[in-house]
2 protein chains.
Amino acid sequence: MEIESATQEKAGPLAIAWDWVKALPLNFKNIAVNLVRTTKKLGQDDPRRVMHSLKVGLALTLVSLLYYWRPLYNGFGVSGMWAVLTVVVVFEFTVGATLSKGLNRACATLSAGALGCGAHHLARLFGEKGEPIVLAFLVFLLAAASSFTRFIPRIKARYDYGVLIFILTFSLVSVTGYRVDKILELANERLSTIGIGGATCIIVSIFVCPVWAGEDLHKLIAFNIEKLASYLEGFGGEYFADPEDHEGNVMASKGDKALLQGYKSVLNSKNTEESLANFARWEPGHGRFHFCHPWKQYLKIGVLARQCAYRIDALNGYFNSDLQAAMEFRNKIRKPSKKMCSEASKALKALALSIKTMTDPSTAKSHVENSKTAIDELKLVLKAVSLENADLLAIVPIASVASILTEITKCVENIYESVHELSCLAEFKSTSVESTVSPEKPQAQLLVLHCGSIKPVLDGDNDHVIITVHVTNEEYSLQTEFPQLPKPGQS
Amino acid sequence: MEIESATQEKAGPLAIAWDWVKALPLNFKNIAVNLVRTTKKLGQDDPRRVMHSLKVGLALTLVSLLYYWRPLYNGFGVSGMWAVLTVVVVFEFTVGATLSKGLNRACATLSAGALGCGAHHLARLFGEKGEPIVLAFLVFLLAAASSFTRFIPRIKARYDYGVLIFILTFSLVSVTGYRVDKILELANERLSTIGIGGATCIIVSIFVCPVWAGEDLHKLIAFNIEKLASYLEGFGGEYFADPEDHEGNVMASKGDKALLQGYKSVLNSKNTEESLANFARWEPGHGRFHFCHPWKQYLKIGVLARQCAYRIDALNGYFNSDLQAAMEFRNKIRKPSKKMCSEASKALKALALSIKTMTDPSTAKSHVENSKTAIDELKLVLKAVSLENADLLAIVPIASVASILTEITKCVENIYESVHELSCLAEFKSTSVESTVSPEKPQAQLLVLHCGSIKPVLDGDNDHVIITVHVTNEEYSLQTEFPQLPKPGQS
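Residues numbered from 1 in each chain as written. Chains lettered and ligands numbered in written order. Predicted model: local features only at pLDDT ≥ 70, side-chain atom pairs only at ≥ 80, totals over all residues. Heavy atoms only, no water.

1. Remarks on the overall build of chain A
For the record, the criterion: For the purposes of this entry, the term helix denotes a DSSP run of H or I that reaches at least four residues, the term strand denotes a run of E that reaches at least two, and both are numbered from the N terminus. Per-residue accessibility, obtained with a 1.4 Å probe over protein chains only, is compared with the maximum for each type, and a residue is labelled buried under 20%, exposed over 50%, and partly exposed between these values. A 1.4 Å probe and the Shrake-Rupley method give the accessible areas. Residues count as covered only by the protein chains that appear here.
Within chain A, the regular secondary structure consists of 20 helices and zero strands. Here chain A holds 491 residues, and the buried ones make up 48% of them. Carbon and sulfur atoms make up 62% of the accessible area of chain A, which amounts to about 24,300 Å² in all.

2. Here's the deal with the pattern of salt bridges
All names here are of chain A. To keep things clear, this is the line we draw: Basic side-chain nitrogens of Lys or Arg form a salt bridge, by our definition, when they fall within 4 Å of a carboxyl oxygen of Asp or Glu.
A complete count under the given rule lists 38 salt bridges over all chains for this structure. Notably, a salt bridge pairs Asp46 with Arg48, separated by 3.0 Å at the nearest N-O pair. Judged by relative accessible area, which is 15%, Asp46 ranks as buried. A relative accessible area of 29% places Arg48 in the partly exposed class. A salt bridge links Glu369 to Lys365; its shortest N-O distance comes to 3.5 Å.

3. Brief notes about the relation of the copies chain A and chain B
In plain terms, the rule: Least-squares fitting of one copy onto the other uses the C-alpha atoms of those residues that reach a pLDDT of at least 70 in both copies.
For these two chains of identical sequence, chain A goes onto chain B by a turn of 180 degrees and a shift of 0.0 Å along the axis, with RMSD 0.2 Å. These values place the two chain copies in the arrangement generated by a two-fold rotation axis. Nearest to the rotation axis, the C-alpha of Ser400(A) is located 2.2 Å from it, this being the minimum over chain A.

4. Digging into the interface of chain A and chain B
Which entries qualify depends on this criterion: Only heavy atoms matter for contacts: two residues are in contact if any of them lie within 4.5 Å across the pair. A simple way to read buried area is as the amount of 1.4 Å-probe accessible surface that goes missing from two parts once joined, with both sides added. Under this definition, polar contacts are N or O atom pairs within 3.5 Å; protein pairs additionally need one hydrogen-donor-capable and one acceptor-capable atom, and for neighbouring residues in sequence, both atoms have to be side-chain atoms. Ten residue types, Ala, Val, Leu, Ile, Met, Phe, Trp, Tyr, Cys and Pro, are classed as nonpolar, four, Asp, Glu, Lys and Arg, as charged, and the remainder, Gly among them, as polar.
Taken together, the contact between chain A and chain B spans 75 residues of the former and 75 residues of the latter. Summing both partners gives a buried area of about 7,200 Å² for chain A against chain B, and 75% of it is carried by carbon and sulfur. The residue Arg311(B) makes a salt bridge to Asp313(A) at a minimum N-O spacing of 3.0 Å. The interface formed by chain A and chain B includes eight residue pairs in polar contact (both at pLDDT 80 or more). Residues that form the side of chain A that touches chain B fall into these classes: 45 nonpolar, 17 polar and 13 charged.

5. As for the UniProt feature "transmembrane region" (unreviewed entry) in chain A
Residue and element names in this part refer to chain A. Filter applied, for reference: UniProt positions are given in the numbering used here, feature names are shortened, and annotations may be inferred rather than shown by experiment.
Annotation from UniProt places "transmembrane region" (unreviewed entry) at residues 50-69, 81-99, 133-152, 159-180 and 192-213. The annotated region residues 50-69 carries 95% helix and 0% strand content, and the separation between its end C-alpha atoms amounts to 28 Å. Across residues 81-99, helical content stands at 79% and strand content at 0%; the span's end C-alpha atoms are separated by 21 Å.

6. Focus on a positive patch on the surface
The line we're drawing: Patch membership requires more than 30% relative accessible area and the absence of a salt bridge. Residues of like charge join within 9 Å; the nonpolar side chains Val, Leu, Ile, Met, Phe, Trp and Tyr join within 5 Å. Only four residue types enter the charge count, namely Lys and Arg as positive and Asp and Glu as negative; His and the chain termini do not. In plain terms, the charge of a residue is placed at NZ if it is Lys, CZ if Arg, CG if Asp and CD if Glu.
A cluster of basic residues, Arg154(A), Arg281(A), Lys296(A) and Lys300(A), forms a positive patch at the surface. In this fold, Arg154(A) is placed in helix H7 (residues 153-176).

7. Brief notes about helix H14 (residues 327-357) of chain B
Residue and element names in this part refer to chain B. Where we set the bar: Given a helix with a known number of residues, its expected span is that number minus one, times 1.5 Å. What the bend at a residue measures is the angle between two axes, fitted to the seven residues ending there and to the seven starting there.
With 31 residues, H14 extends 42 Å between its outermost C-alpha atoms, agreeing within 8% with the 45 Å of an ideal straight helix rising 1.5 Å per residue. Along H14, the largest kink reaches about 55 degrees and is centred on Arg334; proline Pro336 follows within four residues of it. Note on H14: the residue one or two positions beyond its end, Met358, has a positive phi of about 55 degrees.

8. Observations regarding the side chain of His286(B)
All names here are of chain B. With respect to the element layout, His286 can be found in the loop between helix H12 (270-280) and helix H13 (295-316). Residue His286 is classed as buried on the basis of its relative accessible area of 7%. At a separation of 2.9 Å, a polar atom in the side chain of His286 contacts the main-chain carbonyl oxygen of Pro284. With residues near it in sequence (within four places) discarded, His286 still touches Trp212 and Glu215.

9. Remarks on the state of the cysteines
All names here are of chain B. Quick reminder of the rule: The disulfide criterion used throughout: a pair of cysteine sulfur atoms within 2.5 Å.
For the coordinates displayed, the defined rule picks out zero disulfides over all chains. The thiol of Cys201 is unpaired, and the distance to the nearest cysteine sulfur, on Cys107, comes to 15 Å. Of the cysteine sulfurs around Cys411, a residue in no disulfide, the closest is that of Cys308, at 4.9 Å.

10. Thoughts on the packing of helix H2 (residues 48-68) of chain B against helix H8 (residues 183-207) of chain B
Residue and element names in this part refer to chain B. Threshold: Axis lines are fitted through C-alpha atoms, for helices just across the contact stretch, and the angle between N-to-C directions can take any value from 0 to 180 degrees. To sort the angles, those under 35 degrees are grouped as roughly parallel, those over 145 as roughly antiparallel, those from 65 to 115 as roughly perpendicular, and the leftovers as oblique. Note on convention: the crossing is left-handed when the near helix lies turned anticlockwise from the far helix by less than a right angle, right-handed when the turn is clockwise.
Here H2 crosses H8 at 150 degrees, and the two axes come no closer than 10 Å. Compared by their axis directions, H2 and H8 come out roughly antiparallel. Considering only the axes of H2 and H8, their crossing is right-handed. Between H2 and H8, the residues in contact are Lys55, Leu58, Ala59, Leu62, Val63 and Leu66 and Thr193, Ile196, Gly197, Thr200, Val204 and Ser205, respectively. A breakdown of the residues in the contact of H2 with H8 according to their chemical character gives seven nonpolar, four polar and one charged.

11. Remarks on the packing of aromatic side chains
How we decide: Stacked, tilted and edge-to-face are the three classes assigned to paired rings of Phe, Tyr and Trp, where Trp is represented by its six-membered ring and a pair needs centres within 6.5 Å; plane angles under 30 degrees give stacked, over 60 edge-to-face, the rest tilted.
Going through the model one piece at a time under the given rule, you end up with 19 aromatic pairs over all chains. Measuring from ring centre to ring centre gives 5.3 Å for Phe93(A) and Phe151(B), while their planes differ by 75 degrees; the resulting arrangement is edge-to-face. With Phe93(A) in the loop between helix H4 (80-90) and helix H5 (95-124) and Phe151(B) in the loop between helix H6 (127-149) and helix H7 (153-176), this pair bridges two chains. The exposure class assigned to Phe151(B) is buried, which follows from its relative accessible area of 18%. On the basis of an interplanar angle of 10 degrees and a centroid distance of 5.1 Å, the ring pair of Phe235(A) and Tyr239(A) is categorised as stacked. One end of the pair is Phe235(A) and the other is Tyr239(A), both in helix H9 (residues 213-239) and four residues apart, which spans about a single turn. As far as burial versus exposure is concerned, Phe235(A) and Tyr239(A) are alike and both buried.

12. Brief notes about a nonpolar patch on the surface
Residues and elements named next belong to chain A. A surface patch of nonpolar side chains, amounting to about 370 Å² of accessible area, comprises Leu58, Leu62, Leu65 and Trp69. Residue placement: Leu58 occurs in helix H2 (residues 48-68). Taking the relative accessible area as the measure of exposure, Leu58 reaches 34% and is therefore partly exposed.

13. Description of unusual backbone geometry
One non-glycine residue, Met358(A), lies in the positive phi region at around 55 degrees. Along the chain, Met358(A) falls in the loop between helix H14 (327-357) and helix H15 (362-384). Positive phi is not limited to glycine here, since Cys209(B) has a value of about 40 degrees. Given a relative accessible area of 42%, Cys209(B) falls into the partly exposed group.

14. Description of the packing of H5(A) against helix H6 (residues 127-149) of chain A
Residue and element names in this part refer to chain A. Contact geometry for H5 and H6: axes closest at 8 Å, N-to-C directions at 145 degrees. The crossing of H5 and H6 is right-handed. Contacts between H5 and H6 involve Ala119, His120, Leu122, Ala123 and Arg124 on the former and, on the latter, Gly127, Glu131, Val134, Leu135 and Leu138. Of the residues in the contact of H5 with H6, the class split is six nonpolar, two polar and two charged.

Listed below in structure tokens is the structure:
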């Protein structure tokens, strides 16, 4: 070793350069291999990415027909360029983002174009010398004012691109107007090609394998809740493991190690959720979502899920502490704590499933109740426990874990409440219709009334009317799914 | 009241419409008042926003001279449009963002322009009929491939805009090339006007009241750490308040209520920090920051600060619990817990100050040590406490608070470590030179060696050389600040 390094030192910069040149093909090969691997992984993780790239290519090729095809070129001429420009800038991954950019661009171009023409005519009034000065002043004023509006949070979130295009178009129209005489003709050509570009984007984006921001948000929220559930399940199994049941413990820990880190992506999900919700509101009804789907409610659930994730991160700090300490105390609180973990986890899983399938989250309710019972059981155990020989120092971390778990259980209840609210707002279909709907059980009615989405019909005979609303949401009909129920109006 | 509503119901839609029209001026007034209020608040919160808007106006007006001024217009003609377009799109709030976009645009335009010309010549080889097909195929291929690279996280973060412009330019050049003969002349005109636009942006952005992303990141990190400190200070004062000292308690709680919510903005600071760091690396040296300032280290501190904020959020859950419960136990752990709080808070404040003033964070060290002593004291108290008459149920939340505080103290130590690392990497100036530097005290040397930024000169006489490096960073010279020390080379 020593000899080798000595030789290297003697060899000097020439040898180092030679080594570098020798390593070049290998380096290139490494880079290429890495690139292929990254590309493959990106494509496998979400095949829609590959599809998106092909869609961009398709839209661009379609729009470039404006140049290649003689009849179209004769019509639009060089303005076809604006169609290409629009496609490149407007085409986004999700339908919502594309629509948002396209509509922003359209509105901004129209209004700024009109204003620009107005400014042009106004400036003409000031004579040949005054015209450029007035134009320059107007451009300065409008650009400064519009740039400032981009700092207003609400405008930043939804119309940022529109304001940008507004400044751009106004400047272009009023400035070029100074040199070009046929300004209206120019504006007309540009507007129509921008329209063609925007329409191409929107059509390709909606009709060729569409990616809906709303659906992504819906899945993301469900997926995040599932991650929290997985953590709690893994934590309960590991931290409160039964020391006599070694096999189950080891098996659980192997499979759960990856799951236990999943919650970390929930901690920083705010921006993704907000931008998805912003795009979702531009999207037309699709699949199970109608136009006015309550996207805002997803953000509320997201906030609560993050709150829960913060608690879980605090819990995670105790995960690697000595699991053999204070065995006596740990054994005493094991049962209720483990139950709290598993019931909270089951509740979250049921909530995630309820969101995914868009069904009523009532199955989660029982788990939430069970977890609350577990809290009460824990309290009883804590009251009864004798501490005469106990080492408080060893007990404190375990007690803290139990206490944080209690807080997490409260978070889970909050998440349940807001998912329930979502199920009412978005009229999720009820899973428990068969068991609860009968004239003798008024609970089903109460549930519907509590949702507040429909006016109750309280005449004794019309119970079924209320249920109809819940079921027709998914285009089921009472007759097909519940043939034993009387048809509306027959009772 | 009843009569009124009855009248309204009878009045019908006409009256409602009339009411609406009557309310219109008032509504407009409200909107205007709100707008003025929002604008004023935005401007007051950060006056640089107003300045930025004026700068955008200035840059646009400068660039539109290409149209207004006859000699320039004769030179560039309609291509002046591209300068306007570039300014609108490239001008961003911070210098880093403007530079990043400008350089991205320049590189992408150049490379895609060259490639486009190449594609154009290649397509010519396939004859008149083959040319549009080959061009369309090339545009499809390149657009699809480039769109896909935008999903690669590293490219997404830094070169997203560049790839977009690459697709745009390549499509424009190869497509318009099909109809325009003097393609090189066109490319030349466009490139120079884009260059003028980009240069105008960069010059205005750097030389007129520059907003540096790096400085913003620097301040944001310090500010976030300060917020955590404020929370801990407020929490310690409130939760472990001395019941006999009522006045101090009330006073603290009044002033701190707002401060106690400040930490919440730290929870979601990840995206802001990352984008600022991304922009900062494009910026030239400015003020106290040189070109290769270790911006990545700020992100590391940010991660640790967020981790601490998550724990604080968990702590906050206990804040509103019964402050009178288990007084006996609370009194016992009051002293060490309060000390933990206040020392952690002081350490964080010292760290924030050290970042702000770019001085060595050694003053925080003693507070970190004190907080660790407080943990030991807490442990002793917990060991000694007798629990015979204690109600464990009431104790658990308080013990949890103490336990979470211990975790927070560990976080604070981690933050200290990474700020210390930053101070070495960025060569913060030492505050303790005067007291520690003397031939008898080798600690100052050790500190410098530990930082690893300079090679030690260990010959007994050359101690001062080491110190020089630390001091010259801020352009102090040994001679001016420590005239009693020998000049280098004199000893």
